[in-house]
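Listed below, chain by chain, are the residues.
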Amino acid sequence: MDLLYRLLLLSYLSYFTSSERYCSTRPPAGLASQDVCSEMVQSLHTAIETAEYNLANPSEYPPHYDVKPLEEFDFIVVGAGSAGSVVASRLSEEKNWNILLLEAGGDPSKTSEVPALVQFLQGSDIDWVYKTDPEEENCLGMVNNSCSWPRGKVLGGCSTINANLYVRGNPRDYDSWVKDGNYGWGYKDVLKYFKKSENLKAPEVLSSRNYDLYHGVGGMLSVSTYNNSELKDLLHVYAGGMEELGYKVHTDCNGESQLGFVSLQGTLVGGKRCSAAKAFLSPAKDRKNLKVSKHTLVTRIIIDKDSLIATGVEFINARGEKVMAKARKEIVLSAGAINSPQLLMLSGIGPQNDLNHVGIDVIKDLKVGENLQDHMLMTGVLLSFNYSQPEKSPEEDMFDYLIMSSGRYTNIGLLSSSMFIDVDGDDNPDIQFHNINIDQNHEEDIKVLTMKSYNMRREIAQSYIDANKNRHIVLTMPTLLRQKSRGRVSLRSSDPKDKPKIISGYLTHEDDIKVFLKSIEFVENLVKTEAMKSLDARLHKIELPDCRHFDFPSESYWRCCLKHLVSTTYHPTSTCKMGPVGDPDAVVDPRLRVHGVKSLRVADASIMPKIVSGNTNAPTIMIGERAAEFIKEDWS
């Protein structure tokens, strides 16, 4: 059962029982109690029921379309995620083009609409539920030495199950892409596509001078403000501690400066999630030239071996039937950094030795699946505070959310603020801190976070539970922004239903460990600031069986802890690397066309040559905008 339904049931029982009891004992003065009371309760019931009905209402999204065998379209887009939703929507603006969008999942769930319930989406039926393969250097504190890698299997993709954070990365990221030969991808080039998508509604940014140099108003993607007023004391001590250590406090990491303590904006509309599907597919849902086939697993791209032209796709539809559709112009692969390389390899495009190993004929030998990068996140830096968060009951919070679009469920706690720090002295952030807070004595919330979201072993999760007894805890998690470690995605077999093999490569480069150690030293100093002391901040040791013989805190302990508790920030990228002709590691060219194969592009986070310095959803949407314009230019 959807988590939101359970909360709504509690809300109904609580409110309607208390309302009827109130009416029976204290009728409004001068009114007949029974009839008026019943009307009041029924009115309240109707208001909540209507608000609940409008959460993730299927009518907001394009209807399902059953594709006929060998049906032809101008363009076929595979994957309705952060980039695919954009590509399909933008291409359907051309009235003479027919677009087919194929998505393995269905419509967003009601729980996905509620920002505060993001942790409950991982492991749900709208998540691919990927796990990394065991390695010697990482994920040793997780069940089966395997880290969870959530990926959205739903309209909107990861933008439907992520934390909604709108972060573009650093201008230097994009300028470095140009230095590697990817002309047209510098910061000045991509900025206009960020602005094109954006509909900025955050007053703290709109009131800043020259905000329009960096931001757009009137785009499809609503970018708004989180209201974390109930956490103002915690926010104050983190901001104050950062200032004591020489960093500025500001409200826009997508503007002039990224470094410092910053309040982040989110992809939100009316307190609810604004996924890429809601932003880009909802406005296009009634267009006759856009067809969306849901619960459709694409199994192969059909490529003519002689001409090397992609001509169609093969897929299994919602009824379990194998169907083939044809593309007159192009196929655009937007299935994400795991599924896009998987599908290319299933279609014969990939490393020759790997494909031969699983019995797939090689059409084009390219380094598909290589160069995997993900923002490693250290879950073992645990702080606690003498602090109690003002809190209502879940029923009251849900009532506020449904009826007034306000309250705790519209927020994601301290995760809506970040700290960007520079540890090597070049004024370029190396680390972003993601902060997840849990109020004192909330054992079940800790279990959901540690054991469900991060796949942490039960005995290790106990350290977090112990620290939470009568103390407010914050996982102050350093996140490595530009790692040197590399992983890879490969096939287990030629069966499209087999999940691919994911080697994260975490911590396989010593430089990454050194940056992590400097970031942890930064936290040790942060805890000692006067601001943090005002709430009795404490740094806790996580009891790890393999690390018990090391002193705490010490470099030896932290090195051991990293191997056990580094996990994902849900930002895998770069498995179909973009690069010019002559780059031996490139899979697509700077216009996102697959090298050596005609009528086939990739448009998603997999094309990033190097991962960006921040959350990847906004850049992936930008890549979708860029791809759509390339296609329009090439086919107009």
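In the block above lies the structure referred to throughout.
Residues numbered from 1 in each chain as written. Predicted model: local features only at pLDDT ≥ 70, side-chain atom pairs only at ≥ 80, totals over all residues. Heavy atoms only, no water.

Visitor: I tried to follow the pairing of strand β14 (residues 309-316) on my own but got confused; where do I start?
Guide: Looking along a regular strand, one sees side chains alternate from face to face of the sheet. Counting buried positions along β14 yields six of eight residues, so the element is predominantly enclosed. In terms of strand pairing, strand β13 (residues 297-304) meets β14 through seven bridges, oriented antiparallel. Bridge pairing in β14 places Leu297 opposite Ile316. Counted along the chain from β13 to the antiparallel partner β14, the turn is four residues long, and its residue Leu308 has a positive phi close to 55°. Where β14 meets strand β15 (residues 322-333), five bridges bridge the pair, whose relative direction is antiparallel. Counted as the bridge partner of Glu314 is Met324 from β15. Count of turn residues in the β14/β15 antiparallel hairpin: five residues, of which Gly320 carries a positive phi of about 85°. (Buried < 20%, exposed > 50% of the residue type's maximum accessible area, 1.4 Å probe, protein only. Helix = DSSP H or I, 4+ residues; strand = E, 2+ residues; numbered from the N terminus. Pairing = 2+ DSSP bridges.)

Visitor: What is the right way to read the state of the cysteines from this model?
Guide: Where two cysteines share a covalent bond between their sulfur atoms, that bond is called a disulfide. According to the stated counting rule, one finds two disulfides in the structure shown. Here Cys139 connects covalently by a disulfide to Cys147, the sulfurs 2.1 Å from one another. Disulfide Cys139-Cys147: torsion about the S-S bond near -110°, hence left-handed. With its sulfur 1.9 Å from that of its partner, Cys547 forms a disulfide with Cys560. Between Cys547 and Cys560 the disulfide shows an S-S torsion of about -80°. By sign, it is left-handed. Taken together, the residues Cys547 in the loop between β25 (538-540) and α16 (555-565) and Cys560 in helix α16 connect sequence positions 13 residues apart. Here Cys561 is not disulfide-linked; the sulfur of Cys547 is the nearest cysteine sulfur, at 6.2 Å. You can see Cys576 has no disulfide; the closest cysteine sulfur is in Cys158, sitting 15 Å from it. (Disulfide = S-S within 2.5 Å.)

Visitor: Just to check I follow, could you spell out the packing of aromatic side chains for this structure?
Guide: Two aromatic rings are characterised by how far apart their centres lie and by the angle between their planes. Tallied over the full model, the rule gives 14 aromatic pairs. Through pairs of rings, three or more aromatic residues link up here, namely Tyr174, Trp177, Trp185, Phe194 and Phe630. For Lys153, the ring lying beneath its charged end belongs to Trp128, and the centroid distance is 4.6 Å. Stacked on the ring of Trp185, the Lys or Arg Arg626 has its end atom at 5.3 Å from the ring centre. (Phe/Tyr/Trp six-rings, centres within 6.5 Å; stacked < 30°, edge-to-face > 60°. Lys NZ or Arg CZ within 6 Å of the ring centre and 35° of its normal.)

Visitor: So what exactly am I meant to see when it comes to the pattern of salt bridges here?
Guide: Two side chains of opposite charge can pair, provided their charged atoms sit close to one another. Taken as a whole and assessed by the stated rule, the structure comprises 41 salt bridges. With a shortest N-O distance of 2.7 Å, Lys294 and Asp107 are connected by a salt bridge. Residue Lys294 is located in the loop between β12 (290-293) and β13, and its partner Asp107 is located in the loop between β2 (99-102) and β3 (130-131); the two are separated by 187 residues in the primary sequence. When its relative accessible area of 26% is taken as the criterion, Asp107 is described as partly exposed. Two residues, Lys469 and Asp466, come together in a salt bridge whose shortest N-O distance is 3.6 Å. Among the residues examined, Asp466 registers a relative accessible area of 39% and is labelled partly exposed. By sharing partners, the salt bridges in this structure join Arg90, Glu93, Lys196, Glu625 and Lys632 into a single network. (Salt bridge = Lys/Arg side-chain N within 4 Å of Asp/Glu carboxyl O.)

Visitor: How do you make sense of the nonpolar core when you look at a structure like this?
Guide: What tends to happen in soluble globular proteins is that the nonpolar side chains get buried as a cluster. In terms of nonpolar packing, the biggest core is built from 171 residues, with Tyr238 and Phe385 touching the most fellow members. When residues of this core are assigned to their parent elements, the largest contribution, eight residues, is made by helix α14 (residues 510-527). With residues near it in sequence (within four places) discarded, Phe385 still touches Leu234, Val237, Tyr238, Arg471, His472, Val474, Met532, Leu535, Asp536 and Ala537. Residues Leu117, Met398, Phe399 and Tyr401 belong to the second largest nonpolar core, which totals eleven residues. (Core = buried A, V, L, I, M, F, W, Y, C linked by side-chain atoms within 4.5 Å. Contact = heavy atoms within 4.5 Å.)

Visitor: Explain unusual backbone geometry here, please?
Guide: Excluding glycine, residues mostly carry a negative phi; peptide bonds, for their part, are mostly trans. Going from Phe552 to Pro553, the amide bond is cis rather than trans, its omega being -10°. With respect to the helices and strands, the residue Pro553 is situated in the loop between β25 and α16.

Visitor: What is the right way to look at the sheet that holds strand β9 (residues 265-266) in this model?
Guide: Backbone hydrogen bonds hold the strands of a sheet together, and the pairing may be parallel or antiparallel. Spatially, β5-β6-β9 is the arrangement adopted by the three strands of the open sheet, whose pairing is mixed. On the outer flanks of this sheet lie β5 (198-200) and β9, each paired with one strand and no other. Relative to β9, strand β6 (residues 221-225) runs antiparallel, the two sharing two bridges. The residue of β9 that forms the bridge with Ser224 is Gly266.

Visitor: Help me understand helix α13 (residues 458-467), please; the structure alone is not making it clear to me.
Guide: Think of an α-helix as 3.6 residues a turn; residues three or four steps apart then line up on the same face. Every buried residue of α13 is accounted for by Ile460, Ala461, Ser463, Tyr464, Ile465 and Ala467. At its buried positions, α13 is contacted by β19 (382-385), α12 (443-453), β22 (472-480), β25 and α16.

Visitor: What's the story with the packing of helix α3 (residues 84-91) against helix α17 (residues 617-635) in this structure? I'm lost.
Guide: Two measures define how a pair of helices packs: the angle their axes make with one another and the distance between the axes. Across the interface, α3 lies against α17 with an axial gap of 8 Å and an inter-helix angle of 35°. As for the relative orientation of α3 and α17, their crossing is right-handed in sense. Here α3 contributes Val86, Val87, Arg90 and Leu91 to the contact with α17, which in turn contributes Ile621, Gly624, Glu625, Ala627, Ala628, Ile631 and Lys632. For the contact of α3 with α17, the residue count by class is seven nonpolar, one polar and three charged. (Axes fitted to C-alpha atoms, helices over the stretch in contact; angles between N-to-C directions. Left-handed = near helix turned anticlockwise from the far one by under 90°. Nonpolar A, V, L, I, M, F, W, Y, C, P; charged D, E, K, R; others polar.)

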